[in-house]
Amino acid sequence: MTSYSRVNRSLGDVTMRMSWPTLWLLGCGTLLSCGGPAPEEPQRETPLTARRDGLSQIFTQQTDFTTATGAALVTFPGSAYEAYPDHPSGAASSCTRGPSGIDLPWGASAPTLNLQASSVATTQWFCFIGPGWNHNNTHPSPVKPTITVSGEDDFELAFLHPVSAVGLELLTNQWAQHKVTLTFTDGTQEVLDDTLLDTAPNAFEFVGIQASKRIRSVVVDTTGGARENEGIAGIWVAP
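Residues numbered from 1 in each chain as written. Predicted model: local features only at pLDDT ≥ 70, side-chain atom pairs only at ≥ 80, totals over all residues. Heavy atoms only, no water.

### Considerations on the overall build of the chain
Counting its regular elements, the chain contains two helices and 13 strands. When each of the 239 residues of the chain is scored for burial, the buried share is 50%. Carbon together with sulfur atoms contributes 53% to the accessible area of the chain, which is approximately 11,100 Å² in total. (Helix = DSSP H or I, 4+ residues; strand = E, 2+ residues; numbered from the N terminus. Buried < 20%, exposed > 50% of the residue type's maximum accessible area, 1.4 Å probe, protein only. Areas by Shrake-Rupley, 256 points an atom, 1.4 Å probe, with all protein chains shown as cover.)

### Here's the deal with the environment of V74
Its place among the elements puts V74 in the loop between β3 (72–73) and β4 (93–97). Judged by its relative accessible area of 11%, V74 falls in the buried class. Considering only alpha carbons, one finds V74 and W236, 162 residues apart in sequence, at a separation of 5.6 Å. Setting aside residues up to four positions removed in sequence, V74 forms contacts with L104, P105, I235 and V237. (Contact = heavy atoms within 4.5 Å.)

### Side note on unusual backbone geometry
Of note, the bond from L104 into P105 is cis; its omega dihedral lies within 30 degrees of zero at 0°. With respect to the helices and strands, P105 occurs in the loop between β5 (102–104) and β6 (113–117). Put simply, H139 and P140 share a cis peptide bond, and its omega is 5°. Inspection of the secondary structure puts P140 in the loop between β7 (125–129) and β8 (146–150). We note that A176 has phi near 50°; this positive angle belongs to a residue other than glycine.

### Overview of the pairing of strand β2 (residues 56–59)
Burial of β2 is two-sided: the residues S56 and I58 facing one way and the residues Q57 and F59 facing the other way are all buried. Where β2 and strand β12 (residues 204–221) come together, four bridges link them in antiparallel fashion. Note that in β12 the partner of Q57 across the bridge is Q210. (Pairing = 2+ DSSP bridges.)

### A short note on the state of the cysteines
This structure, assessed with the given rule, holds one disulfide. With its sulfur 1.9 Å from that of its partner, C95 forms a disulfide with C127. Disulfide C95 to C127: torsion about the S-S bond roughly 105°, handedness right-handed. You can see C95 sitting in strand β4 and its partner C127 sitting in strand β7, a full 32 residues away along the chain. Residue C95 is classed as buried on the basis of its relative accessible area of 1%. The class of C127 is buried, set by a relative accessible area of 0%. (Disulfide = S-S within 2.5 Å.)

### Some details on the pattern of salt bridges
On inspection of all chains with the given rule, the structure shows two salt bridges. With a shortest N-O distance of 2.8 Å, E169 and K144 are connected by a salt bridge. Remark: K144 occurs in the loop between β7 and β8 and E169 occurs in strand β9 (residues 155–171); sequence separation between them is 25 residues. Residue classification places K144 among the partly exposed positions, given a relative accessible area of 32%. We note a salt bridge from K213 to D186, for which the minimum N-O separation is 2.8 Å. Of this pair, K213 sits in strand β12 while D186 is found in the loop between β10 (179–184) and β11 (189–192), placing the two residues 27 residues apart along the sequence. When its relative accessible area of 24% is taken as the criterion, K213 is described as partly exposed. (Salt bridge = Lys/Arg side-chain N within 4 Å of Asp/Glu carboxyl O.)

### A short note on the packing of aromatic side chains
Under the defined criterion, the tally for this structure stands at seven aromatic pairs. When the ring of W106 is compared with that of F128, the centres are 5.5 Å apart and the planes differ by 85°; the resulting orientation is edge-to-face. Here F128 lies in strand β7 and W106 lies in the loop between β5 and β6, a separation of 22 residues in the sequence. A network of ring pairs unites the aromatic residues F59, F65, F206 and W236 as a single cluster. A cation over an aromatic ring shows up here: R97 above the ring of W125, its NZ or CZ 3.8 Å from the ring centre. (Phe/Tyr/Trp six-rings, centres within 6.5 Å; stacked < 30°, edge-to-face > 60°. Lys NZ or Arg CZ within 6 Å of the ring centre and 35° of its normal.)

### Description of the pairing of β11
On β11, burial follows the alternation: E190 and L192 on one face are buried, whereas Q189 and V191 on the facing-out side are not. Bridging between β10 and β11 involves four bridges; their strand directions are antiparallel. Bridge assignment links V180 to a residue of β11, and that residue is L192.

### Observations regarding the nonpolar core
Counting 35 residues, the largest nonpolar core has F155, L157, V218, I232 and I235 as its most contacted members. At the level of elements, β5, β6, β7, β8, β9, β10, β12 and β13 (231–238) are the ones that each hand at least two residues to this core. Apart from residues no more than four positions distant in its own chain, I235 is found in contact with A72, L73, V74, F76, L104, L113, L115, L157, G167 and L168. (Core = buried A, V, L, I, M, F, W, Y, C linked by side-chain atoms within 4.5 Å.)

These figures capture arrangement, not role.
Pasting the structure below:
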């Protein structure tokens, strides 16, 4: 399990970026006092990992997120290469065309989540890349099947049954600039910008979100994926 050390942050009011040159597809290229009355017990503050100021709260440690929300890990394929029959980038990856997206949990007879990439055209690829990926356009290298796309890695997660919390393990590139948009069942939205998410570059970074309203979809907007891949290495959801 990846260890995350950043402090969790709260909110106010309210990709495989693969570049065609490397497909060659996948990007170009990580406190007592004595003698007097006992003092009143100070009022306890809510831990940073659970502070809520707006519609949502953000977690940056996966264990804190799953403990607080009961979220479960969504199943990915065991092998990036064996997930799909098409291998346009060779070993350690397999791909499908953009329009269908990826249904999850992997292998489920009744998927509950469809993952799309909003920038993917009908002729572009939507892929899993894994250990052994050697195109020098993804830093750090994937250590397990990780979702990425050709072009900008802007992901949309649509839930068949709305959820209360979503966690993402992101493989970030050198820019590590993200914006997450939550759409709720009542049609309203909340946008979490990069100053709140605070993801580090070229790393596996966890972002967990728990909301006070039911979440219908999540869009993750990234930066620079056509030059250096970003990806999603894990997804957790809580009903």
